[in-house]
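Notes for the structure review
One-letter residues, chain by chain:
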Amino acid sequence: MTAVPATVFSSAPRPGGEVDMGLLADLPGLELQARCVMDGFLAGRHRSPRQGSSVEFAEYRSYQFGDDPRRIDWRLYGRTERLHVKRYEEETQLRVILILDASASMDYRSREGLLTKLDFARITLAATALLAKRQQDAFGLAVAGPAPLEVLRARSSAPHWRTFLGRLQGVETGGEVPLAATLEEIAETLPRRSLVVIASDFYDETEALAGALRRLRHDRHDVVGLQICDPFELDFALDAQGTFVDLESGQRLLLDTEAVRAGYLERFGAFRAELAATFRDVGAGFETLSTARAPLDALTAYLAIRQGGQGGEGRR
């Protein structure tokens, strides 16, 4: 296979919300990468005439009959001649639990210039956490990997952001990871009514995954699945014969890609459709993200749920 060199640009996020993926891959550090994605996302929303939910945190709301008069901000009334009450953090804060799949299959990229699925997932979750931090939401982390499960509890402080980045950057892949079993274990630790965002390629038994998702939804969590795919997994565009290695089992298989492309695309398409239906059937959100494009849809999904746009029963 001919290696394709990385393309490097000197520009920041492009107008309209696009993010230069060459620049993103070359930025030094996860925090800068997360900020690049978030800034590109916010730039696109600010330019859109169809902007949806606000990305600014609302500290006040209009006074309504029955509100405690002690919560009225009289200084604000003096400036606006309108009654507003203070909204306390526990009334507005959302707990966002970000789950990273660290199975060996995530340590894959098809060519130079692309991020591995794991690194792409890291950036996606870091950007989502950064946006949550901007919204004053609490965010935490759990890793479905070879090490024993440790859950970083959701908080929103600056020191917590540093701890979060350190944990996320330190994740290493390894072996086969039973994602569904890990989700069941995580469900035991979560306070009710959280937003659970799962970044994975979801190479797991769909039936077992459905059971874990039902458990999360039964506990009234909102759930979003982010299927991370390398573009080669999506289009199988390689006109050559080669040896393919299963990163989890180590099994090797010699294939003529031209001969098997049609069958592969049919089976992988069926897998993606089944996976999407599994999330949809339990009332969860689902997005497929290619590592060749910036993960802006992940941030859209977070904001949609924060503003009550999923339509599930997780946040009441």
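Residues numbered from 1 in each chain as written. Predicted model: local features only at pLDDT ≥ 70, side-chain atom pairs only at ≥ 80, totals over all residues. Heavy atoms only, no water.

Here Ser200 lies in strand E6 (residues 195–200). Residue classification places Ser200 among the buried residues on the basis of a relative accessible area of 0%. A polar contact of 2.8 Å, which involves the side chain of Ser200, links it to the backbone nitrogen of Phe202. Apart from the residues within four sequence positions on either side, Ser200 is in contact with Asp101, Met106, Leu179, Leu226, Gln227 and Ile228. (Helix = DSSP H or I, 4+ residues; strand = E, 2+ residues; numbered from the N terminus. Buried < 20%, exposed > 50% of the residue type's maximum accessible area, 1.4 Å probe, protein only. Polar contact = N/O pair within 3.5 Å; in protein donor to acceptor, adjacent residues only side chain to side chain. Contact = heavy atoms within 4.5 Å.)

Right, let's get into the sheet that holds strand E10 (residues 285–290). Taken in spatial order, the six strands line up as E5-E4-E3-E6-E7-E10 in an open sheet, and their pairing is mixed. Sheet topology places strand E5 (151–155) and E10 at the edges, where each strand pairs with a single neighbour. Strand-to-strand twist across the sheet, computed as the mean angle between neighbouring axes with direction ignored, equals 15°. Direction of pairing for E6 relative to strand E7 (residues 222–229): parallel, over a ladder of six bridges. Looking across to E7, one finds that Val196 is bridged to Val223. Contacting strand E3 (95–101), strand E4 (138–144), E6, E7 and E10, helix H5 (residues 117–134) crosses the sheet at an angle of about 175° to E3. Those strands touched by helix H8 (residues 206–218) are E6 and E7, and its axis lies near 145° from that of E7. (Pairing = 2+ DSSP bridges. Axes fitted to C-alpha atoms, helices over the stretch in contact; angles between N-to-C directions.)

Let's shift gears to the nonpolar core. Ranked by size, the top nonpolar core spans 50 residues in total, and within it Val96, Leu131, Phe164, Leu168, Leu195, Ile228 and Tyr302 carry the most contacts. Of all the elements, H5 adds the most residues to this core, at 11 residues. Core analysis: the second largest hydrophobic core is formed by 27 residues, Val177, Ala180, Ala187 and Phe268 among them. (Core = buried A, V, L, I, M, F, W, Y, C linked by side-chain atoms within 4.5 Å.)

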